[in-house]
Amino acid sequence: MLDSLVRNYSLLCKIGEGSFSEVLKVKEKISGQMYAAKRLTRTFLNLEEVEEYAELKIFKKLEYHPNVLSLVEYVYETDTRILSLIFNLMDLSLYDYIKDRKRKLSELRCKNFLYQLTNGLQYLHKNEIFHRDIKPENILLRFDEQLQKSNPLKAELVQIGDLGSVAFTSDSGPRTEYVSTRWYRSPECLLTSGFYGPKMDVWAVGCCFYEMLTLQPLFPGDNEVDQLDKIHNVIGTPSAKVLKMFKGLAIKYEFPQKRSVNWFHLLPSLSSLGIDAIKRMLNYLPDNRISAKKLIDHPYFNDLREKMNYDNVSTRLLFTRSASNSIKNSTTSLGTSKGIKSQSFVCNKSSNNSRQSIDMKNFQIEMQKCLNKQLERNWNKPNSGMKRTILSNIKSSFKSTQRTLDQC
């Protein structure tokens, strides 16, 4: 039954199972490299139908990104008509990582997870794709033991997995109503008849961030009515004016009046900038909710960018990692995927050990700190146009400084 798959891989064990697929840990026979094989339960009549499979088309569209799970190849079994997607193997999901923990994660580690998660999400949204099922089970982690002692933050890689529910922003609504797991479903998904967009992912990320910090789900509703009730217990009941701003309301809603909680009481150990970030992610109205692109530039991540050597302008994660993402040429039962390239993301240290290069590096760090402080001071200004201008000036100054340093 698995002839086409076992010809190239040794099947080691099952590591996961869902409604539409099972995930197997496999070992490539030639290289000995470990991979994860997502074997779909549905069947495909031929390779032409395989090529039209939505998740596969998504991976063909996307280039490699360190915070999005990458496809290595796909295997179509002509005898059983089953499709298997071969991915780089991660260690475990965020759900498995926190479900049995007794001791909470530090805020810095949660911030690191959040930043990488947002980085991957922003990449998807930039490519006019939104995930629709962000949850701890679909947030994958991998740890580098060699870096764990010297620099724990750089040793932790976060990737968004399971792109089987994605949608394109260019598709006109209404969309499928029952998407995402209930606990991470945004108000627009619960209230409207399919009128939602990429901001639903940001809401889910906010829920996951709370869960990282507390090890408990924020809105564990038993059904859709209870889900809304739990949201209102924290966020507060939306006014009639807010409800009118939702497009495509399924019915006319009248909710019991509830006031929002004080986030500082809900998360007493979280910093003020962390509170500001989660409040912006969990804004009830999607139009007022922060986007992934703006969240990346939030001053909450300023210190993390310096510690992790993130590029403040492009927000590219520099992570020591090799990715064997080249698609192998084999028999006709093996698929090929365009646009998936082999890349490595490495924290490079300068080979120039002169006093001048050290001084330039220190100057660059101090310049970045000044720019971060300027951004933080002006973040809460009420005029969004002013904020955009300030941010643009900061980025222009940083680029100018970078060019000056490169010429030294």
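Quick caveat, the model's predicted, so the values are computed rather than measured.

This part covers unusual backbone geometry. In this structure, Arg 132 is a non-glycine residue whose phi angle is positive, near 75°. For Arg 132, a relative accessible area of 12% puts it in the buried group. Residue Asp 162 is not a glycine yet carries a positive backbone phi of 55°. Mapped onto the secondary structure, Asp 162 falls in the loop between β9 (156-160) and β10 (167-168). Owing to a relative accessible area of 32%, Asp 162 belongs among the partly exposed residues under this scheme.

If the charged atoms of two oppositely charged side chains come close together, the side chains can form a pair. Evaluated as defined, the whole model comprises 17 salt bridges. Note that Arg 39 and Glu 77 form a salt bridge whose closest N and O atoms lie 3.1 Å from each other. Of the two residues, Arg 39 sits in strand β3 (residues 34-43) while Glu 77 sits in strand β4 (residues 71-77), which places them 38 residues apart along the sequence. Classification of Glu 77 by relative accessible area gives buried; the value is 0%. A salt bridge links Arg 289 to Glu 188, with the shortest nitrogen-to-oxygen separation between them at 2.8 Å. One end of the pair, Arg 289, is in the loop between α12 (272-281) and α13 (292-296); the other, Glu 188, is in helix α7 (residues 187-191), and 101 residues separate them in sequence. What makes Arg 289 buried here is its relative accessible area of 2%. Connected through salt bridges with shared partners, the residues Lys 14, Glu 17 and Glu 22 form a single ionic network.

On to the pairing of strand β1 (residues 9-17). With 7 bridges joining them, β1 and strand β2 (residues 21-28) adopt antiparallel strand pairing. Paired with Leu 11 across the strands is Val 26, a residue of β2. Between β1 and β2, which pair antiparallel and follow one another directly, the connecting turn spans 3 residues.

Going through the model one piece at a time under the given rule, you end up with 1 cavity of 30 Å³ or more. As for the largest cavity, its lining consists of 10 residues, of which Phe 59, Leu 62, Glu 63, Tyr 64 and Ser 70 are closest to the centre. Considered class by class, the residues forming the lining of the largest cavity number 7 nonpolar, 2 polar and 1 charged.

Our next topic: the confidence of the model for the protein. Per-residue confidence for the protein gives a mean pLDDT of 79; residues scoring 70 or more make up 72%. Across residues 310-361, where pLDDT falls below 50, the model places 118 contacts with residues more than four positions away in sequence or in other chains.

A few words on the sheet that holds β1. By way of backbone hydrogen bonds, the strands of a sheet pair with one another, either parallel or antiparallel. The strand order across the open sheet formed by 5 strands is β1-β2-β3-β5-β4, and the pairing between neighbours is antiparallel. Pairing within the sheet leaves two strands with one partner each, and these edge strands are β1 and β4. Averaged over all adjacent pairs, the angle separating strand axes in this sheet is 30°, with direction ignored. Where β4 lies against strand β5 (residues 82-88), 6 bridges are found, and the strand directions are antiparallel.

Core analysis: the biggest nonpolar cluster contains 81 residues, and Leu 163, Phe 209, Ile 235, Trp 263 and Met 281 have the highest contact counts within it. With 10 residues, the top contributor of residues to this core is helix α8 (residues 199-214). Residue contacts for Leu 163: discarding those within four places in its chain leaves Glu 55, Ile 58, Phe 59, Leu 62, Val 68, Leu 124 and His 131. Listed in part, the 9 residues of the second largest apolar core include Tyr 9, Leu 24, Ala 37 and Val 75.

This part is about the sheet that holds strand β6 (residues 92-93). Read from one edge to the other, the open sheet built from 3 strands follows the order β6-β8-β9, with strand pairing classed as antiparallel. Two strands bound the open sheet, and with one partner strand each, they are β6 and β9. Contacting β8 (139-143) and β9, helix α5 (residues 107-126) runs over the sheet at an angle of about 35° to β9.

Bringing the packing of aromatic side chains into the picture now. Scanning the model with the defined rule gives 11 aromatic pairs in all. Between the aromatic rings of Trp 203 and Phe 219, the centroid separation amounts to 5.7 Å while the plane-to-plane angle is 20°, which identifies the pairing as stacked. In this pair, Trp 203 sits in helix α8 while Phe 219 sits in the loop between α8 and α9 (224-235), placing the two residues 16 residues apart along the sequence. In this pair, the class of Trp 203 matches that of Phe 219, namely buried. Through a chain of ring-to-ring contacts, three or more aromatic side chains come together here, namely Tyr 115, Phe 209, Tyr 300 and Phe 301.

About the criteria used
Residues numbered from 1 in each chain as written. Predicted model: local features only at pLDDT ≥ 70, side-chain atom pairs only at ≥ 80, totals over all residues. Heavy atoms only, no water. Buried < 20%, exposed > 50% of the residue type's maximum accessible area, 1.4 Å probe, protein only. Helix = DSSP H or I, 4+ residues; strand = E, 2+ residues; numbered from the N terminus. Salt bridge = Lys/Arg side-chain N within 4 Å of Asp/Glu carboxyl O. Pairing = 2+ DSSP bridges. 1 Å grid on protein atoms, 1.4 Å probe; cavity = no way out; pocket = protein on both sides within 12 Å on 5 of 7 lines; lining within 4 Å. Points joined across faces, edges and corners; volume = space filled by probe spheres on them. Nonpolar A, V, L, I, M, F, W, Y, C, P; charged D, E, K, R; others polar. pLDDT = per-residue confidence, 0-100. Contact = heavy atoms within 4.5 Å. Axes fitted to C-alpha atoms, helices over the stretch in contact; angles between N-to-C directions. Core = buried A, V, L, I, M, F, W, Y, C linked by side-chain atoms within 4.5 Å. Phe/Tyr/Trp six-rings, centres within 6.5 Å; stacked < 30°, edge-to-face > 60°.

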